[in-house]
Amino acid sequence: MTKATINSPVRVNKHPVIKQGSAPEKEDPEHTLGYKGVQSLALMHVRTIPSAINEWIDNARDADAEKVEVLITETKKYKYVDQIIIRDNGHGMDYDELFGAFEIGHDRNYKPNSIGKFGLGGTMSSLSLFNNKIILTKTLGGSIVGRYYDMGLVKSLGKWKTFPLAWAQIQDDYPEHVEFLDNLSHGTVIIHYNPTANKLYSNAINATKSQVGETFSSDLKSGYFGVTVNDTPVKPRCALGSDSEGAIIKPAQDLIIGGRKVGKVTCMSLRDAKLGPRTKGNVLIQHAGFYFVRVDRLITKAVWPGDSSGMFPKNGNFARGTLHPDNRYVRIKVEFNSSEDSLFGVRATKDSVLLDQSLADVISSLTSDFVSQDAAQVGGRTKKKNAEGFHDSAMATLDKVKASVHAAPKKKLRTRNATKEPALSVVKREVSSKAKAIPADWLRGGVELSDLGFESALSVYRPEDAVLKFNKQHPSLPRITDLTESAQRVLTEIFISLHSARLETAARLDDYCETTMTQFLQTLDQKFRAIIRD
């Protein structure tokens, strides 16, 4: 194929008009839909630019194309998308096939494992994004033929109608594309212009490269198929992350329904993979789940069943469900051929599935153990890491509080006729000569995490070791370790202050006050347990 000429302006008339005396002698049959029918279908098949380009690439693959060039141009003002041109070296179309390509829901013979299904994807994708479309194409040994639609003309006519382009007009208005096709034995050029809405050019370019690389990863890796976007080759990119170093990949399992193989399932986890600094937290969760691959083409990704069990809903609908954070590393690939579309519930847009219940049950049985075991591994690591983080956070607060003298709020008395609202002030308590204050190094042993038993308090002070111990077996500790680092630090300071207050109360006041302070700490522990139960 010749090098794409993205910098060459594409000559496009507002709406091409057949030149007098040059129209084809063959009379076209009428298309079957009215304007409102076409408009309704276009609204039902709203596409993003990358998903539409994927559809057009699908058509090129069905035409046995080995190379596809995607050319996206921008407007001079505001940098919006102006035109999208798709060029390929597939087998092309003759005059009748070209007319059928514009027929919505065209009934043609599909190859046994073809990607196309309903005869809707390419045309509906074009209509959802552009008011005008031109196709120039040629078959082996044939001449270049052309046809276009113009939604302005369709609206004025009140019915869906497309128009042929005469050779003289093709030659005059699209010389660069004629040259492109002349250098091939067969191929097709599709020109879209006059967008239905403004789309940012930079976003379209970046998203297209990324999504095309993911969607057609298998074909791009094969070396027998290539896609360029504005002259830049698209690199294959595994959406699941199976190409990440350290990824755990389980051998593929056959999907058997009624004794018949209908596909295969591959489970994998990225918990040990070397991931980039941006691949963490919510990003991992957003990309976790099931990936459905039809004829080596990714059709939907990162879907997770949304029933109460966390696996499969009764209606088999793989909508985006609630994913537990411990499942954030799980990726499950389900592969099948187009002959199983009805079983997998593939929709006309080829971007979602609605599983047959028997199939959902089989997938559940093949994947549930892997999902639960991976979650257990991740959950155990998370708890350990959080506990270590809590310990580090607690120790970091120690220098601020362990040598300080406990300060209690002292309320100013209000006189009977005072008009000014009293304020609370915090003052350092002077040590009485008759009272014994707690030593400044009362917490010299630091803070520890220890197994103190399920029934023991959340925090226990050991005076013999001058250590404040947090109970790892207390039911509320996992909740605390889930808090942010700053929140953990504040909570640690509060507990240190409470134990300091209890010790100082025992040193300065009578036994009754010390007992009251101890009861307060016990009540606080009960409140923590009650929160966990709720």
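Check the entry above for the structure.
Here the residue index of a chain counts from 1 through its sequence in written order. In view of the model being predicted, local features appear only for residues whose pLDDT reaches at least 70, and side-chain atom pairs are presented and counted only at 80 or more, with totals across whole chains, interfaces and linings using the full set of residues. Each side-chain value is derived from all of the structure's non-hydrogen atoms; neither hydrogens nor water enter the calculation.

### So, the packing of aromatic side chains
Side-chain rings of Phe, Tyr and Trp (the six-membered ring for Trp) are treated as a pair once their centres are within 6.5 Å; stacked means planes under 30 degrees apart, edge-to-face means over 60, and tilted covers the remaining angles. Per the counting criterion, the structure on display carries six aromatic pairs. Aromatic side chains phenylalanine 102 and tyrosine 149 sit 6.5 Å apart centroid to centroid with 80° between the ring planes, which places their arrangement in the edge-to-face category. Here phenylalanine 102, found in helix H3 (residues 95-102), pairs with tyrosine 149, found in strand S4 (residues 145-150); they are 47 residues apart in sequence, far enough to count as distant. You'll find phenylalanine 102 and tyrosine 149 in the same group, each marked buried. Both rings, one in phenylalanine 470 and one in phenylalanine 495, keep their centres 5.7 Å apart while their planes meet at 85°; by these two values the pair is edge-to-face. With a gap of 25 residues between them, phenylalanine 470 in strand S19 (residues 467-471) and phenylalanine 495 in helix H14 (residues 485-508) connect regions that are remote in the sequence. Summarising the burial analysis for this pair, phenylalanine 470 and phenylalanine 495 share the class buried. Site record: aromatic cluster; members linked through ring pairs are Phe102, Tyr149 and Trp160. The side chain of arginine 87 reaches across the aromatic face of phenylalanine 180, ending 4.1 Å from its centre. Numbered from the N terminus, helices here are DSSP runs of H or I no shorter than four residues, and strands are runs of E no shorter than two. Three exposure classes are used, based on accessible area relative to the maximum for each residue type with a 1.4 Å probe and protein chains only: buried under 20%, partly exposed in between, and exposed over 50%. Criterion for a charge above a ring: Arg CZ or Lys NZ at most 6 Å from the ring centre, at most 35 degrees from the ring normal.

### Structural notes on the pattern of salt bridges
A side-chain nitrogen of Lys or Arg and a carboxyl oxygen of Asp or Glu constitute a salt bridge if their distance falls within 4 Å. According to the stated counting rule, one finds twelve salt bridges in the structure shown. A salt bridge links arginine 237 to glutamate 214, with the nearest nitrogen and oxygen atoms 3.0 Å apart. Here arginine 237 is found in the loop between strand S8 (232-233) and strand S9 (248-249), whereas its partner glutamate 214 is found in helix H8 (residues 201-215), with 23 residues between them in sequence. Given a relative accessible area of 41%, arginine 237 falls into the partly exposed group. Of the charged contacts, one joins glutamate 245 and lysine 274 as a salt bridge, the two residues approaching to 3.5 Å between their closest N and O atoms. With glutamate 245 in the loop between S8 and S9 and lysine 274 in the loop between strand S11 (260-269) and helix H10 (282-286), this residue pair connects regions lying 29 residues apart in the sequence. Across the pair, lysine 274 and glutamate 245 agree in class, each one exposed. Members of the salt-bridge network, linked through shared partners, are Asp58, Arg61, Asp219 and Arg297.

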